[in-house]
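Each chain, written out:
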Amino acid sequence: PQTAENGAEGEGNAVPLLQPNTIGFEELVNRGGGQSENAAGSQRNLDYALKLTATSVPEYLQCAICNNVVRDAMILPWDPEGRTTCESCIRDSLTQNGFRCPLTGQEGVSPDDLLPNHALRKAAEQFIKGVMEKMEEIEKQQVDDYDENPSADTKNGAAALDGE
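In this report, the structure presented in the accompanying data block is examined.

Observations regarding the sheet that holds strand β3 (residues 115–116)
Turning to step 1, where the next piece is worked out: Across the sheet, three strands lie side by side as β2-β1-β3; this open sheet has antiparallel pairing. Every other strand in the sheet has two partners, leaving β2 (84–86) and β3 as the edge strands with one partner each.
Turning to step 2, where the next piece is worked out: In the sheet, strand β1 (residues 73–75) pairs with β3 via two bridges, with the strands oriented antiparallel. Across the sheet, the residue bridging to I75 is L115, located in β3.
Turning to step 3, where the next piece is worked out: In the packing of helix α3 (residues 87–96) onto the sheet, contacts are made with β1 and β2, and the angle to β2 comes to roughly 90°.
Turning to step 4, where the next piece is worked out: Across the sheet, helix α4 (residues 118–148) touches β1, β2 and β3, and the angle it forms with β1 is around 155°.

Some words on α4
Turning to step 1, where the next piece is worked out: The end-to-end C-alpha distance of α4 is 45 Å, a good match for the 45 Å that 31 residues give at a rise of 1.5 Å each.
Turning to step 2, where the next piece is worked out: Looking at α4, one finds that the buried residues are L120, R121, A124, F127, I128, V131 and M135.

Considering the environment of T53
Turning to step 1, where the next piece is worked out: Tracing the backbone shows T53 in helix α2 (residues 39–53).
Turning to step 2, where the next piece is worked out: A relative accessible area of 6% means that T53 is categorised as buried.
Turning to step 3, where the next piece is worked out: Considered as a pair, T53 and M132 are 79 residues apart in the sequence and their alpha carbons are 8.9 Å apart.
Turning to step 4, where the next piece is worked out: Of note is the side chain of T53, whose polar atom sits 2.7 Å from the backbone oxygen of A49.

Thoughts on the nonpolar core
Turning to step 1, where the next piece is worked out: Grouped together as the largest cluster of nonpolar side chains are 18 residues, with contacts concentrated most on V69, V70 and F127.
Turning to step 2, where the next piece is worked out: Every element with two or more residues in this core is listed here: α2 and α4.
Turning to step 3, where the next piece is worked out: If sequence neighbours within four positions are ignored, V70 has contacts with L61, Q62, C63, T84, T85, C86, L120 and A124.
Turning to step 4, where the next piece is worked out: Core analysis: the second largest hydrophobic core is formed by eight residues, L76, W78, I90 and L94 among them.

Describing the side chain of T84
Turning to step 1, where the next piece is worked out: Residue placement: T84 occurs in strand β2.
Turning to step 2, where the next piece is worked out: Those residues in contact with T84 that sit more than four places away from it in its chain are Q62, C63, A64, V70, A73, M74, N117 and L120.

Structural notes on unusual backbone geometry
Leave glycine aside and you will find that most residues have negative phi; peptide bonds, for their part, are mostly trans.
Turning to step 1, where the next piece is worked out: Unusually for a residue other than glycine, A54 sits at a positive phi of about 55°.
Turning to step 2, where the next piece is worked out: By the secondary structure assignment, A54 is in the loop between α2 and β1.
Turning to step 3, where the next piece is worked out: One non-glycine residue with positive phi stands out, namely N67, at about 65°.
Turning to step 4, where the next piece is worked out: Structurally, N67 can be placed in the loop between α2 and β1.
Turning to step 5, where the next piece is worked out: In this structure N67 comes out as partly exposed when scored by relative accessible area, which is 49%.

Quick look at the pattern of salt bridges
Turning to step 1, where the next piece is worked out: Overall, the coordinates contain five salt bridges when judged by the stated rule.
Turning to step 2, where the next piece is worked out: In this structure, the salt-bridge partner of E87 is R121, at a minimum N-O distance of 3.9 Å. In this pair, E87 sits in helix α3 while R121 sits in helix α4, placing the two residues 34 residues apart along the sequence.
Turning to step 3, where the next piece is worked out: On the accessibility criterion, E87 (23% relative accessible area) is partly exposed.
Turning to step 4, where the next piece is worked out: What emerges from the salt-bridge pattern is a single network uniting D79, E81 and R83.

What counts and how
Residues numbered from 1 in each chain as written. Predicted model: local features only at pLDDT ≥ 70, side-chain atom pairs only at ≥ 80, totals over all residues. Heavy atoms only, no water. Pairing = 2+ DSSP bridges. Helix = DSSP H or I, 4+ residues; strand = E, 2+ residues; numbered from the N terminus. Contact = heavy atoms within 4.5 Å. Axes fitted to C-alpha atoms, helices over the stretch in contact; angles between N-to-C directions. Expected span 1.5 Å × (residues − 1). Buried < 20%, exposed > 50% of the residue type's maximum accessible area, 1.4 Å probe, protein only. Polar contact = N/O pair within 3.5 Å; in protein donor to acceptor, adjacent residues only side chain to side chain. Core = buried A, V, L, I, M, F, W, Y, C linked by side-chain atoms within 4.5 Å. Salt bridge = Lys/Arg side-chain N within 4 Å of Asp/Glu carboxyl O.

Such coordinate-based values are descriptive only and should not be taken to indicate function.
Written as structure tokens, this is what we have:
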């Protein structure tokens, strides 16, 4: 092992140097690990990815309350239109409005009546995964393009995000 005293294989009573596990760290970062995953941060990342990839969220994947990609999709069994919402959106709305549905106006509905929409949850996860992969490809291409020609105008990618 490398030591603080001589920088080479151990001689004498030298203290070994600790080496960072750079390969393990890079793998962790590439998997998206080591980051706390909060809803607001992930929504901002998704908003960025949607803009960068020029992708719109299909209507069937949108929460009927917040209009974002549905998170933990729930079916409202009392809704004749069959709309789906994020679990947190509908539960918060019901408790804040005295158990009156914000979509139908129906009184006395219980959060216990909500049903998880497993199929839509999987579809939303796949949609988000696809958008994020597409974003990573675009960002990698931007880096590759810059590496090939660092003097080129690099404002094009930023302009696309700003809507210019």
